[in-house]
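Structural overview
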Amino acid sequence: MAAEPAPVPGPRAPGPAGWPLLGVLPRLRRDPLAFLTGAAARYGDAVTLRLGPRRVVLINRPEWIHRILHETEGRYGKAAFYDKLVPVLGYGLVTSEGAFWRRQRRLVQPAFQRARLAELCTGVAEVIEARVRAWGALAGRGAALEVSRESTALTLEIALRAFFGAGIGDEEFRALRGAVAQLQAALNRRLWSLTDLGTRLPTPANRRFRASCAVLDDIVYRLIRAGRAGGASRGVLLGLLLEARDEESGAGMEDRELRDEVLTLLLAGHETSANVLAWAWYRLARHPDWARRVALEARAVLGSRAPEFDDLPRLTTARMVLEETMRLYPPAWFLARTAREDDSLDGLRLRAGTTVLISPYVTHRHPRYWESPEEFRPERFAPEAVRARPRYAYFPFGGGPRRCVGEAFAMMEMQLALALSARRLRMATAPGVRPVPRAYVTLRPSEEIRLHPAPRDD
Ligand code: HEM
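Residues numbered from 1 in each chain as written. Predicted model: local features only at pLDDT ≥ 70, side-chain atom pairs only at ≥ 80, totals over all residues. Heavy atoms only, no water.

1. Thoughts on the coordination of the iron atom of the ligand
- In this structure the iron atom of the ligand is ligated by exactly one protein donor, Cys-404 (SG), at 2.3 Å.
- Mapping Cys-404 onto the fold places it in the loop between helix H16 (383–387) and helix H17 (407–424). (Donors = N, O, S within 2.8 Å, 3.2 Å for Na, K, Ca; no water. Helix = DSSP H or I, 4+ residues; strand = E, 2+ residues; numbered from the N terminus.)

Below is the structure:
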């Protein structure tokens with residue numbers, strides 16, 4: 001699709017008027033996805049939105065997104081929004097900034113290098129195979145699979161095994177799962193609140209929130225202590241983080257720093273991929289032609305053997321299906337930044353202090369770059385089609401220095417999950433299932449997705 005030239009912006013971004021005091025906040029809260037997509041369609045690639053006392057500018061042009069993401073940790077910083085996550089995550093990679101973030105990123109990133117992921121691949125595949133076998137058993141009984149629930153349990157189990165090896169028992173797994181669900185619910189409630197006053201009152205919800213934080217702390221600190229005492233198996237992420245040393249000072253991480261990084265990786269690293277998998281299985285059930293292609297590819301590349309890390313580049317259909325799924329349903333559906341200095345984007349002025357909102361959900365549907373954007377068409381991710389688009393028309397993992405540190409890990413587990421399930425099973429939608437995306441901290445399906453698995457016999 002040949003993109004039309006982008007219009008030249010004025011110095012100030014236009015935008016909807018909104019209510020006195022609250023501005024557009026009520027409309028944004030009611031349905032953020034429809035509201036932001038509609039605002040971009042009506043006002044253009046930069047839209048001013050008044051949210052209570054704050055003004056934010058929604059940016060929806062790939063070249064500007066490129067500049068803002070690549071100048072983060074320079075001309076731009078992360079926005080105050082991320083402070084809402086501090087009570088849970090502390091100062092891990094998602095929430096920290098400046099020199100501390102740089103040091104932590106240097107310490108954590110090596111744990112996600114190719115060679116490390118290759119060591120984790122067999123364990124990840126074993127966790128997936130066990131679930132696929134259980135789903136196969138359901139197929140015999142004609143029962144439905146609750147796909148969101150299952151994919152969350154799957155990616156949490158994968159993350160726990162990759163981070164801690166065999167160091168976590170069934171009871172702790174259940175406690176952790178319950179606490180994670182509580183925290184996510186609390187963060188979703190806090191997402192659009194203007195003040196943090198409500199979080200300090202002794203309400204039952206706040207008490208549950210604090211209790212869940214305590215459960216997570218207990219488990220993570222216990223694992224850190226066990227790891228320091230020599231119990232962290234080699235090749236497991238916790239072991240790598242315990243051994244990581246700063247190049248300049250030679251210092252490693254203290255317990256509190258480790259706790260913040262481990263919890264950040266655990267939370268950032270499993271709900272995101274769980275949502276993508278749930279949507280991908282749903283879409284494959286609706287598009288059996290693509291499901292068949294994923295299955296044929298899995299059989300051609302893997303036969304009936306266990307997968308290895310080097311198989312991943314050949315699972316291209318699974319990759320294209322996942323990329324198209326993340327175009328339609330990017331789990332991190334918005335990113336926020338603050339301009340630290342005045343900036344000009346082709347003449348559009350952004351003053352120092354301005355909050356900038358960037359939404360993969362909105363840009364992934366920009367009609368200048370995507371034809372029939374609501375349609376599921378994995379062929380959009382064939383190499384020549386990708387080359388024809390600007391780099392930041394698509395950015396589910398962000399970009400620049402703060403790009404997702406777990407991208408390759410996520411792609412590995414998701415490609416394996418699609419390929420290994422498609423190799424054995426076919427999924428059909430149960431009648432009446434019509435999930436739509438809902439914008440919480442991550443993008444989730446509005447209802448549980450029930451699918452019927454059946455053995456694949458073609
Ligand atoms: C489909 C799965 C995933 C998606 C779509 C995703 C998306 C993103 C995005 C968009 C960012 C950038 C946020 C920003 O710039 O404000 C990010 C950052 C991050 N992600 Fe992911 N992520 C995924 C999986 C993972 C996994 C598996 C892990 C860890 C195991 C992980 C850990 C992180 C961390 C620690 C950061 C912060 C990096 C930094 O600022 O230095 N993510 N992710």
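2. Here's the deal with the sheet that holds strand S12 (residues 450–455)
- Strands sit in the order S4-S12-S9 across an open sheet of three strands; the sheet is antiparallel. Each end of this open sheet is capped by a strand with a single partner; those strands are strand S4 (145–146) and strand S9 (425–429).
- Bridging between S9 and S12 involves five bridges; their strand directions are antiparallel. Across the sheet, residue Arg-426 finds its bridge partner in S12, namely Ala-454.
- Of the strands in this sheet, S9 and S12 are in contact with helix H12 (residues 271–286), which crosses S9 at around 85°. (Pairing = 2+ DSSP bridges. Contact = heavy atoms within 4.5 Å. Axes fitted to C-alpha atoms, helices over the stretch in contact; angles between N-to-C directions.)

3. What to know about the environment of Leu-265
- You can see Leu-265 is positioned in helix H11 (residues 255–268).
- Its relative accessible area of 11% is what places Leu-265 among the buried residues.
- Sequence separation between Leu-265 and Val-147 is 118 residues, and the spatial gap between their C-alpha atoms is 23 Å.
- Not counting chain neighbours up to four residues away, the residues in contact with Leu-265 comprise Val-108, Phe-112, Phe-163, Leu-241 and Val-405. (Buried < 20%, exposed > 50% of the residue type's maximum accessible area, 1.4 Å probe, protein only.)

4. A word on the pattern of salt bridges
- Following the criterion strictly, the structure yields 34 salt bridges and no others.
- The residue Arg-380 makes a salt bridge to Glu-324 at a minimum N-O spacing of 3.0 Å. Taken as a pair, Arg-380 in the loop between helix H15 (360–363) and H16 and Glu-324 in helix H14 (residues 316–328) lie far apart in primary sequence, 56 residues in all.
- Owing to a relative accessible area of 8%, Arg-380 belongs among the buried residues under this scheme.
- Here the salt bridges do not stand alone but share partners, grouping Arg-67, Glu-71, Arg-75, Glu-341 and Asp-343 into one network. (Salt bridge = Lys/Arg side-chain N within 4 Å of Asp/Glu carboxyl O.)

5. Some words on the site of the ligand
- Around the ligand, 27 residues are found, and the nearest of them are Trp-101, Arg-105, Arg-337, Arg-402 and Cys-404.
- With respect to the ligand, the side chain of Arg-402 contributes an N or O atom lying 2.8 Å from an oxygen atom.
- Those elements giving two or more residues to the shell around the ligand turn out to be helix H5 (98–108), H11, H12, strand S5 (335–339) and H17.
- A class-by-class count of the residues in the shell around the ligand yields 18 nonpolar, five polar and four charged. (Near = heavy atom within 4 Å. Polar contact = N/O pair within 3.5 Å; in protein donor to acceptor, adjacent residues only side chain to side chain. Nonpolar A, V, L, I, M, F, W, Y, C, P; charged D, E, K, R; others polar.)

6. Quick word on the sheet that holds strand S3 (residues 76–78)
- The five strands lie next to each other as S1-S2-S8-S5-S3, forming an open sheet whose pairing is mixed. With one partner strand each, in any of the chains shown, strand S1 (46–51) and S3 form the two edges of the open sheet. Pairs of neighbouring strands in the sheet enclose a mean axial angle of 35°, with direction left out of account.
- In this structure, S1 lies alongside strand S2 (residues 54–59), joined through six bridges in antiparallel fashion. Note on S2: the bridge partner recorded for Arg-50 is Arg-55.
- Helix-sheet contacts for helix H2 (residues 32–43) involve S1, S2 and strand S8 (355–358), and the interaxial angle to S1 is about 135°.

7. What to know about the nonpolar core
- Formed by 152 residues in total, the largest nonpolar core has its most connected members in Leu-36, Ile-59, Ile-128, Leu-176, Trp-281, Met-412 and Leu-418.
- Take this core: its biggest share by element is 11 residues, from H17.
- Not counting residues up to four positions away in its chain, the partners in contact with Leu-176 are Leu-156, Leu-160, Ile-168, Leu-216, Ile-219 and Leu-266. (Core = buried A, V, L, I, M, F, W, Y, C linked by side-chain atoms within 4.5 Å.)

8. A look at a positive patch on the surface
- A cluster of basic side chains, namely Arg-12, Arg-55, Arg-349 and Arg-351, defines a positive patch on the protein surface.
- Mapped onto the secondary structure, Arg-349 falls in strand S7 (residues 348–350).
- Its relative accessible area of 48% is what places Arg-349 among the partly exposed residues. (Patch = residues over 30% accessible without salt bridge, like charges linked within 9 Å, V, L, I, M, F, W, Y side chains within 5 Å. Areas by Shrake-Rupley, 256 points an atom, 1.4 Å probe, with all protein chains shown as cover. Lys, Arg positive; Asp, Glu negative; His and termini not counted. Charge placed at Lys NZ, Arg CZ, Asp CG, Glu CD.)

9. Thoughts on helix H6 (residues 114–141)
- Between its first and last C-alpha, H6 extends 40 Å over 28 residues, near the 40 Å set by a 1.5 Å rise per residue.
- The sharpest bend along H6 measures roughly 40° and falls at Leu-120.
- Gly-142 sits one or two residues past H6 and shows a positive phi near 70°. (Expected span 1.5 Å × (residues − 1). Bend = angle between axes of the 7 residues up to and from the residue.)

10. Looking at H11
- When the terminal C-alpha atoms of H11 are compared, their 20 Å separation across 14 residues agrees well with the 20 Å that a helix rising 1.5 Å per residue should span.
- Counting buried residues along H11, 11 of its 14 residues qualify, which places the element largely inside the surrounding structure.

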